[in-house]
Amino acid sequence: MNKPQCTLQICADGYPNMVIGEITFSWKVENTEGCQKAYKIHVRECGSEMVWNSGRIETNISAGIPYEGIQLESNRDYEAQVIVEACDGEKFASAIVSFSTGLINIDNEWKADWLTSPYVSFAAAPVFRKEFSAGCGISRARLFICGLGYYELFLNGKQVGDRYMDPAWTNYNKRVNYVAYDLTKEILPGKNAIGVCLGAGWYSNSTAKPRPVFSLQLIIEYMDGTKDVILTKPDGTWMSLKETWMLENTLYIGEVVDSRLFINGWCDADFEYDCGTWRTSILAEPPAGKLVPMRVEPIRCVAILAPESITEPKKGVYIVDFGQNMAAIPELKLHDTLAGDEICIRYSELLDNHGMLNTENLRQAQQCDRYIANGGEATYKPRFTYHGFRYAEITGLRTELRKQDILAYVIRTDVAKRSTFTTSNELINSIQRMCVWTESSNIHSVPTDCPQRNERLGWLNDLTVRLEEQVFNFDVEMLLKKYLEDIMDEQGKKTGAITDTVPYVNYGSQPADPVCSSYLLIPYLLYRHYGDKAVLKKAWPGLKAWTDYLANCRVDGIVNYSYYGDWAAPIGGNVRFSAGSGAVSAITPGGLMSSGFFYLNCRILEEIAHLLSLTEEQLHYGRLALETAQSLNQAYLSREKGYYAENSQASNVFMLYLNIVPDDMRAKVLDSLVQDIIGHDTHITTGNICSRYILDVLADNGKIDLAYALATQTTYPSWGYMLSKGATTTWERWEYVDSGELVGMASHNHPMYSTISGWFYKYLAGIRPIGGGFGEFELRPFHPQGLEKVSTVLETVKGKIKICWTQQGNILTAHILVPFNSVCRYTITCPHQVNVMVDGKPAQLHKYEGYHSVVFESGAHTLSYHTGLRR
């Protein structure tokens with residue numbers, strides 16, 4: 001075993017290394033066994049005195065520990081260390097972790113004005129520069145900037161940072177993000193120059209079409225204690241280019257760049273500009289929202305893909321196949337161009353029968369970048385847009401396009417991969433890869449629905465079922481905390497209603513469809529996976545207000561209003577499709593879905609109230625849940641026929657999942673579900689919501705082999721069918737659509753059907769947190785016939801959880817790793833297990849929820865048993 005290592009993470013409202021407001025500490029000890037008995041945290045100003053010594057705190061809690069020292073100062077550097085004391089007396093000290101504070105009292109400390117350029121069109125990208133002088137002996141330099149919609153920052157001719165489309169998208173009337181940079185080593189004694197380029201982004205895509213604006217302040221500190229402060233002011237020193245080279249930039253359409261207008265060295269310190277080309281910038285109306293530090297990872301390039309093939313279906317028309325549907329931008333190298341040559345890059349997910357781009361499913365999104373050459377060699381890469389595509393069409397070249405001339409830069413919010421999941425079934429592995437790529441394509445400071453057409457919005461109904469897949473595959477703690485604030489920003493202060501899409505850009509309905517329980521699930525899963533109880537307390541008023549709003553919408557206990565319900569089920573008798581109704585289910589009542597999610601909200605609030613010691617609220621929402629269950633059964637349950645509503649799979653699945661079905665009817669309703677699946681030749685008929693729940697329900701009710709058969713189905717409708725049609729990401733519809741009536745809602749990169757990936761982790765690997773932050777967790781893997789092996793590693797706030805199980809004949813063996821300071825309950829789902837052995841010795845079994853279980857402390861363990869079944 002490697003040497004034990006203690007790793008400390010500092011988090012403040014989501015974003016490490018730039019903190020403001022409540023600061024929390026989390027840590028994990030790896031490469032050792034045992035549990036935590038106590039901890040001690042030290043925080044000091046860098047090179048100075050201690051500002052907080054927690055003292056020895058005897059507890060096993062190691063996540064979400066709040067800072068309780070003196071008030072930290074704005075724009076200062078600090079360092080922290082944790083010392084962990086194990087139950088056996090051994091101590092582990094983390095490395096010293098540095099962090100900086102932002103501007104804590106923003107109203108008094110942000111001195112800069114907002115500037116804009118009146119000289120360029122609304123669609124263009126304005127360019128600004130300012131010269132300044134710095135003295136010798138620089139000890140520290142911090143630059144704070146907010147540029148809306150997006151900005152790029154330059155210092156002395158070089159771009160600062162590696163971010164794309166910064167800052168994160170928010171409701172700019174409520175909240176705007178600033179970003180901080182450490183420029184201590186970059187600023188030179190003497191003459192310097194700052195350059196800023198602004199993109200339209202979501203800010204200028206609004207109906208008001210405001211011009212891009214920015215505000216910046218640079219604070220330079222010297223070793224002698226003096227400082228210089230550089231601010232954006234309409235003082236004649238901030239110059240704006242009269243005619244910019246980026247003539248257009250929009251998210252949906254793309255960019256137009258005329259490189260003939262590009263000015264070499266425009267942001268160099270020794271650049272000499274003339275007043276005819278550069279004009280003074282003017283004061284701008286500031287955005288209405290509160291200025292806050294960006295509390296989510298930035299968008300970065302996370303992968304670079306080379307072409308799989310390049311074809312030329314028509315003379316001079318090159319089609320590049322990258323082999324993967326993705327959210328990305330290209331980098332194109334150009335050769336032997338003449339001034340005025342126009343190179344056009346278009347993008348699509350599909351090709352037509354002639355090998356040309358098929359862009360029918362893009363709606364009004366043109367997804368087209370145009371580059372006007374200045375002659376000779378050049379490299380072009382878009383900056384203020386991104387595209388959803390597998391294929392790129394290049395026209396306007398004078399030389400043959402070669403593979404080495406073009407790359408795809410995959411860009412998304414830089415959340416870390418959290419896990420790996422593989423099995424002995426390559427179809428399952430392919431589905432998992434497809435789901436991960438889909439999720440990766442739809443994280444751009446908000447969890448979006450698609451990356452290609454004129455939408456790319458944060459749909460809360462999709463997120464309701466997508467969340468669990470997301471938290472297993474990626475470390476989304478900061479993303480979800482930021483997005484929770486986004487939802488709160490949109491929530492009605494009087495009604496408590498929320499919106500279908502967040503941030504809200506007049507797309508989707510207001511109030512939201514009641515299926516948007518994602519609002520409650522976000523803080524709930526943050527607690528379960530990251531141990532953050534504070535987020536529950538912070539979110540509680542809003543969660544309660546949304547649920548109370550739905551309570552007031554009930555008639556005879558039923559929430560009748562519904563826009564989407566179980567959306568986009570397979571075409572046929574299960575769904576009606578028209579311009580007016582979209583893809584609303586024809587046989588799963590909207591009232592059943594809406595009331596079911598109201599019931600789910602009540603159960604979640606009941607549990608959160610318990611965690612927050614809100615006894616009266618816990619009792620209230622528990623009673624409300626029981627009343628709703630009775631109303632649902634009265635309105636939709638047919639006792640004689642043994643099913644709900646019109647006997648759709650979705651209706652029966654959802655009621656079974658919520659545990660609303662009366663005990664004496666459960667077997668009948670389950671049988672109705674099973675018979676309907678068999679009657680459809682082992683296929684599902686569920687839409688975006690209930691496809692999330694159907695495999696869970698079958699596995700939990702003794703039908704794991706049927707669940708596995710659905711998961712591995714390869715004919716329509718199924719995930720395997722998508723793969724058989726060449727999918728590399730999951731679709732918006734179960735149908736393969738490239739034209740016709742359905743093409744308007746035919747995204748081929750849509751995460752609402754990627755939810756099966758969460759089932760892989762929760763059921764095939766069996767990983768389930770108990771309580772908060774994996775201090776206690778369960779492994780309850782199911783073992784369908786035909787699946788010989790599952791192997792998973794999940795990075796948690798406690799450390800790595802590993803499980804690898806194999807079944808050969810009737811012998812099942814599981815190798816597991818339980819992290820330090822965790823306890824694992826391993827639940828044996830086979831009802832006929834015999835001769836259970838743990839680490840080579842007979843196991844001590846416990847009864848748990850009708851199964852046998854074994855409790856494991858931290859460390860590596862092996863469990864094996866004879867299933868008693870013939871395989």
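In this convention, every chain numbers its residues from 1, walking through the sequence in written order. Totals for whole chains, interfaces and linings use every residue, but because this is a predicted model, local features are given only for residues with pLDDT of at least 70 and side-chain atom pairs only at 80 or more, for both listing and counting. Water and hydrogen atoms play no part in the side-chain values, which are based on all heavy atoms of the structure.

### Quick look at the side chain of Arg456
Counting through the fold element by element, Arg456 comes out in the loop between α2 (426-440) and α3 (460-473). For every residue, the accessible area (1.4 Å probe, protein chains only) is compared with the maximum for its type, and the residue is labelled buried under 20%, exposed over 50%, or partly exposed between those bounds. Within this scheme the basic residues Lys and Arg register as positive and the acidic residues Asp and Glu register as negative, but His and the chain ends are omitted. The working definition used for a salt bridge is a side-chain nitrogen of Lys or Arg within 4 Å of a carboxyl oxygen of Asp or Glu. Comment: no salt bridge for buried Arg456; closest opposite-charge side chain is Asp449, at 7.7 Å. A helix here means a DSSP run of H or I that spans at least four residues, while a strand means a run of E at least two residues long, and both kinds are numbered starting from the N terminus.

### Re the confidence of the model for the protein
For every residue, the pLDDT score states the predictor's confidence, bounded by 0 at the bottom and 100 at the top. Within the protein, residue pLDDT values average 94, and 97% of them lie at 70 or more. Contacts between residues were defined by any pair of non-hydrogen atoms, one from each residue, lying within 4.5 Å. Note that pLDDT drops below 50 for residues 13-19; the model gives that stretch 30 contacts with residues more than four away or on any other chain.

### Considerations on the state of the cysteines
The disulfide criterion used throughout: a pair of cysteine sulfur atoms within 2.5 Å. Within the structure shown, the criterion is met by one disulfide. Covalent S-S linkage joins Cys35 and Cys87, the inter-sulfur distance amounting to 2.5 Å. Note on the Cys35 and Cys87 pair: the S-S dihedral is about -115°, so by sign convention the disulfide is left-handed. One end of the pair, Cys35, is in the loop between β3 (23-30) and β4 (36-45); the other, Cys87, is in the loop between β8 (77-86) and β9 (91-93), and 52 residues separate them in sequence. For Cys35, a relative accessible area of 31% puts it in the partly exposed group.

### Quick notes on the packing of helix α10 (residues 666-679) against helix α11 (residues 691-700)
Each pair of packed helices can be summarised by the angle the axes make with each other and by the distance between the axes. Here, axes are lines fitted to C-alpha atoms. For helices the fit covers the stretch in contact, and angles between N-to-C directions go from 0 to 180 degrees. Taken N-terminus to C-terminus, the directions of α10 and α11 make an angle of 115°; their axes are 12 Å apart at the nearest point. Remark: the crossing between α10 and α11 carries left-handed chirality. Judged by residue contacts, Leu673, Val674 and Ile677 of α10 engage Ile694, Val697 and Leu698 from α11. Residues are grouped as follows: nonpolar covers Ala, Val, Leu, Ile, Met, Phe, Trp, Tyr, Cys and Pro; charged covers Asp, Glu, Lys and Arg; every other residue, Gly included, is treated as polar. Within the contact of α10 with α11, the residues separate by chemical class into six nonpolar, no polar and no charged. Crossings are classed by handedness, with left-handed meaning an anticlockwise turn of the near helix from the far one by less than a right angle and right-handed meaning a clockwise turn.

### A few points about the packing of aromatic side chains
Two rings belonging to Phe, Tyr or Trp (six-membered ring only in the last case) form a pair when the distance between their centres is within 6.5 Å. Interplanar angles under 30 degrees mark stacking, angles over 60 mark edge-to-face geometry, and anything in between is tilted. Overall, the coordinates contain 43 aromatic pairs when judged by the stated rule. Ring geometry for Phe421 against Phe760: centres 5.4 Å apart, planes inclined by 5°, an arrangement best described as stacked. Taken as a pair, Phe421 in strand β36 (residues 419-423) and Phe760 in helix α14 (residues 756-764) lie far apart in primary sequence, 339 residues in all. Accessibility expressed as a relative area gives 6% for Phe421, which makes it buried. The rings of Phe421, Phe472, Trp759, Phe760, Tyr761, Tyr763 and Phe782 are connected pair by pair, giving a single aromatic cluster. For a Lys NZ or an Arg CZ to count as sitting over a ring, it must be within 6 Å of the ring centre and within 35 degrees of the ring normal. Here the basic side chain of Lys381 rests over the ring of Tyr409, its NZ or CZ set 4.0 Å away from the ring centre.

### Concerning the nonpolar core
By size, the foremost hydrophobic cluster in this structure holds 249 residues, and its most contacted members are Leu153, Ile187, Ile194, Ile394, Trp546 and Trp759. The greatest single-element share of this core, amounting to 12 residues, is contributed by helix α7 (residues 590-611). Discounting chain neighbours no more than four positions away, the residues touching Ile187 are Phe132, Ala134, Ile138, Ala141, Leu155, Asn192, Leu218 and Ile220. Here, nonpolar core refers to any group of buried Ala, Val, Leu, Ile, Met, Phe, Trp, Tyr and Cys residues whose side-chain atoms link them within 4.5 Å. Counting residues in each nonpolar core, the second largest holds 23 residues, with Phe25, Val29, Tyr39 and Ala86 among its members.

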